[in-house]
Amino acid sequence: MRADLHSHSTASDGTRPPDEVMRRAGAAGLDAIALTDHDTVAGISAAAAALPSGLTLVPGMELSCRRQGHSVHLLAYLFDPDHPELAAQTERIRQSRVERAREMVARLAELGTAVTWEQVTAIAGDGVIGRPHVARAMVDAGVIGSVDEAFTPEWIGPGGRAHVRRYALDPMDAISLVGAAGGVCVLAHPCAQRLGWLVPDDLITELAAVGLAGVEVAHPGHDETERRQLAGLAAKLGLVATGGSDDHGELTGDRIGVDWTQGEEFERLISSATGTWLITS
Ligand SMILES: [Zn+2]
Ligand SMILES: [Zn+2]
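Computed from a predicted model, the values in this text were never measured in an experiment.

A. Focus on the nonpolar core. Counting residues in each nonpolar core, the largest one holds 30 residues, and the members touching the most others are Leu63, Val72, Leu74, Leu187, Leu207 and Leu212. At the level of secondary structure, the elements contributing two or more residues to this core comprise strand S3 (56-67), strand S4 (70-77), helix H3 (84-110), helix H7 (171-180), strand S5 (184-187), helix H8 (201-209), strand S6 (214-218) and helix H9 (224-237). With five residues, the top contributor of residues to this core is H7. Discounting chain neighbours no more than four positions away, the residues touching Val72 are Leu63, Ser64, Cys65, Arg66, Pro171, Leu187, Trp197, Val199, Leu203 and Leu207. The next biggest cluster of nonpolar side chains, apart from the first, holds 20 residues, and it includes Ala101, Ile123, Ile129 and Ile156.

B. Looking closely at the pattern of salt bridges. All chains considered together, the criterion is met by 13 salt bridges. Among the ionic pairs, Asp170 bridges to Arg67, the shortest N-O distance being 2.8 Å. One end of the pair, Asp170, is in the loop between helix H6 (147-150) and H7; the other, Arg67, is in strand S3, and 103 residues separate them in sequence. The partner of Glu206 in a salt bridge is Arg67, and the shortest N-O contact between them spans 3.2 Å. Here Glu206, found in helix H8, pairs with Arg67, found in strand S3; they are 139 residues apart in sequence, far enough to count as distant. Residue Arg67 is classed as buried on the basis of its relative accessible area of 19%. Through salt bridges with shared partners, a single ionic network connects Arg16, Glu20, Arg24 and Asp254.

C. Molecular detail of the packing of aromatic side chains. Tallied over the entire structure, the rule returns zero aromatic pairs. The ring of Trp260 has Arg2 lying over it, and the distance from NZ or CZ to the ring centre is 4.9 Å. Sitting above the plane of the Trp155 ring, Arg161 keeps its charged end 4.6 Å from the centroid.

D. The arrangement of the coordination of the zinc ion (ligand 2) in detail. At the metal site, the zinc ion (ligand 2) is ligated by His6 (NE2), His8 (NE2), Glu62 (OE) and Asp246 (OD), and these contacts range over 2.1 to 2.3 Å. Given four donor atoms and angles of 80 to 168° at the metal, the environment of the zinc ion (ligand 2) is assigned as irregular. Spacing between the donor residues of the zinc ion (ligand 2) along the chain follows H-x1-H-x53-E-x183-D. Separating the zinc ion (ligand 2) from the zinc ion (ligand 1) is a distance of 3.5 Å, and Glu62 supplies a donor atom to each of them. Of the two residues, His8 is situated in the loop between strand S1 (2-4) and helix H1 (18-27) and Glu62 in strand S3; the sequence distance between them amounts to 54 residues. Like His8, the residue Glu62 is buried in the burial classification.

The rules we used
- Position numbers for residues count from 1 along each chain, tracking the sequence in the order it is written.
- The order in which chains are written sets their letters, starting at A; the order in which ligands are written sets their numbers, starting at 1.
- Totals for whole chains, interfaces and linings use every residue, but because this is a predicted model, local features are given only for residues with pLDDT of at least 70 and side-chain atom pairs only at 80 or more, for both listing and counting.
- Remark: hydrogens and water are excluded; side-chain values derive from all non-hydrogen atoms of the structure.
- Take the buried residues of types Ala, Val, Leu, Ile, Met, Phe, Trp, Tyr and Cys, join any two whose side-chain atoms come within 4.5 Å, and each joined set is a nonpolar core.
- A 1.4 Å probe rolled over the protein chains alone gives each residue an accessible area, and that area as a share of the maximum for its type sets the label: buried under 20%, exposed over 50%, partly exposed in between.
- Helix and strand assignments follow DSSP, with helices taken as H or I runs no shorter than four residues and strands as E runs no shorter than two, numbered in order from the N terminus.
- Residue contacts are defined here by distance: any two heavy atoms, one from each residue, within 4.5 Å place the two residues in contact.
- Only one rule defines a salt bridge in this text: a Lys or Arg side-chain nitrogen within 4 Å of an Asp or Glu carboxyl oxygen.
- In this analysis, rings of Phe, Tyr and Trp, with Trp reduced to its six-membered ring, are considered paired at centre separations within 6.5 Å, and the interplanar angle assigns stacked below 30 degrees, edge-to-face beyond 60, and tilted for intermediate values.
- Sitting over a ring, as applied to charges here, requires NZ of Lys or CZ of Arg to be within 6 Å of the ring centre and within 35 degrees of the ring normal.
- A donor here means an N, O or S atom no more than 2.8 Å from the metal, or no more than 3.2 Å when the metal is Na, K or Ca. Since water is not included, a site may seem to lack partners.
- Angle rules define the geometry names used: all angles between 85 and 135 degrees makes four donors tetrahedral, while opposite donors over 155 degrees apart and all other angles between 65 and 115 make four donors square planar and six octahedral, leaving every other case irregular.

Here it is in structure tokens:
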């Protein structure tokens, strides 16, 4: 069994609409796919409606968190989407993303670039505005040659000239909130250093102590050594070892299904979730 537990659609910063993400997941031969848009479940119903037969949809989202200066992304699965406090917190994060993007565009203008707010909103469409949309507008305006260049200290990467912080949940609070909504949390891409992620082992240990269910071991940003180390840490802490492609459509070169979670680990992960159900066609 292969379960890709990490994917994005146009409901956040992916380039493919939810129905197309499902079709591609089916074509990739997956048994299960989680749609995990940033801080929103807006794409889930469209994904469910387009589910190819034989494919199971795991409802989820990727929550933006921060602790001790570290950006922490948590993949949350099978929570009750109508839980009032969880819904209020994700709304606050989405609002803050929009405000931050506006502020970044203002700073880019001060730096003499031709990026406009209209361009950024046009690129985002119905999705939750995020830094990748600003990055794509920078490419379109000829400021940089590729989206990757935007995420450096030169531009909108952490510490960058046009970087702006936004509201984020403490991951300790996020884990208990998702738990209260019946869901389970997995730490996303802790070692994808090229993208600026490095969650230290002691922080992972702290998160495990408050109910983190799993850690994403197989991710395109992790090399073989990192996968081995993370698998060892997961075993030591009793965490489920998951995998996912973190596909964003064209933005990441359509890589759905390149990394996945094995059947036993998948069963272990979902066994404790009570907030909502797996969706099958
Ligand atoms: Zn992430
Ligand atoms: Zn992601």
